[in-house]
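Topology and contacts: notes
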Amino acid sequence: MANLQRSLDEMKAICSRRGSYYFEPDTVRFWGGKVHDPANKYGLFIESYDNFDRSRKLFAVKFFGPDGYIMAVEPAEIGRSYEHFCSYKDAKQFRHKLTIALNGAAKNFREGKVLNNLYSIEEEGLHTGIYILSDNEGDSIKINTNNFDRFICG
């Protein structure tokens, strides 16, 4: 199984090498950002930042790819709200369920092959909760974060 687990320092270094300002102090300060849990073996981490009027924190589960590419991963109902998760507990619970579902999927040949070399995650459409996970050879699978009982789409 590929291991995309990264510490916050490793995530910062990868972004810096590729010229990204994502973790630069001015960017973090502007958004009121904080990484609560660094990237797990699937590259999933939890981050909080201020909402638009700075009245409360929002929490997001994000994917950190091997090259520093970052993408929010969330079910459609959360994505459509533009509010992400309202609590750290909710974001952590979602990341946990997603990780368990990915562990189960990795036991299958085709899904395991993609997850073993996971390179990118892209949402299919806007706020659909359906994601295309691709490996470094261009093979892909789809997952449904809206319903973990119907997790693998094909």
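I will try to describe carefully the structure that is included in this document. Treat the numbers as computed from the prediction; the structure is a model and nothing was measured. (Residues numbered from 1 in each chain as written. Predicted model: local features only at pLDDT ≥ 70, side-chain atom pairs only at ≥ 80, totals over all residues. Heavy atoms only, no water.)

**Quick look at the pairing of strand 1 (residues 34-37)**
Side-chain positions along a regular strand alternate between the two faces of the sheet. Which entries qualify depends on this criterion: By this definition, two strands are paired if DSSP reports at least two bridges between them. In DSSP terms, a helix is any run of H or I states spanning at least four residues, a strand is any run of E spanning at least two, and both are numbered starting from the N terminus.
Inspection of the sheet shows strand 1 paired to strand 2 (residues 44-50) by three bridges, in the antiparallel sense. Paired with Lys 34 across the strands is Ser 48, a residue of strand 2. If you look at the hairpin formed by strand 1 and strand 2, you'll find six residues sitting between the two strands, and Gly 43 has a positive phi there, around 80 degrees.

**What about the pattern of salt bridges?**
Which entries qualify depends on this criterion: Just to be clear on terms, a salt bridge is a Lys or Arg side-chain nitrogen sitting within 4 Å of an Asp or Glu carboxyl oxygen. For each residue, the accessible area found with a 1.4 Å probe, counting protein chains only, is set against the maximum for its type, and the residue is called buried under 20%, exposed over 50%, and partly exposed in between.
Evaluation of the coordinates by the stated rule reveals nine salt bridges. Residues Asp 37 and Arg 95 are paired through a salt bridge, measuring 4.0 Å at the closest nitrogen-oxygen approach. Of the two residues, Asp 37 sits in strand 1 while Arg 95 sits in helix 4 (residues 88-105), which places them 58 residues apart along the sequence. There is no split in this pair, since Asp 37 and Arg 95 are both buried. Across the salt bridge formed by Lys 113 and Asp 139, the nearest N and O atoms sit 2.6 Å from each other. With Lys 113 in helix 5 (residues 109-116) and Asp 139 in the loop between strand 6 (130-135) and strand 7 (140-144), this pair connects stretches of sequence that are 26 residues apart. Residue classification places Asp 139 among the partly exposed positions, given a relative accessible area of 35%. It is possible to trace a salt-bridge network through shared partners that takes in Lys 113, Asp 135, Glu 137 and Asp 139.

**Topic: helix 1 (residues 8-17)**
This is how the line gets drawn: This arc corresponds to the set of directions leading from the helix axis out to the C-beta atoms. Residues count as neighbours in contact if any of their non-hydrogen atoms are within 4.5 Å of one another.
Among all positions of helix 1, only Met 11, Ile 14 and Cys 15 are buried. With its buried residues spanning 95 degrees around the axis, helix 1 presents them on a single face. Looking at helix 1, the residues exposed on the side facing more than 90 degrees away from the buried face are Asp 9 and Arg 17. Looking at the buried positions of helix 1, the neighbouring elements they touch are strand 2, strand 3 (57-64) and strand 4 (70-72). One or two residues past the end of helix 1 sits Gly 19, with phi positive at roughly 85 degrees.

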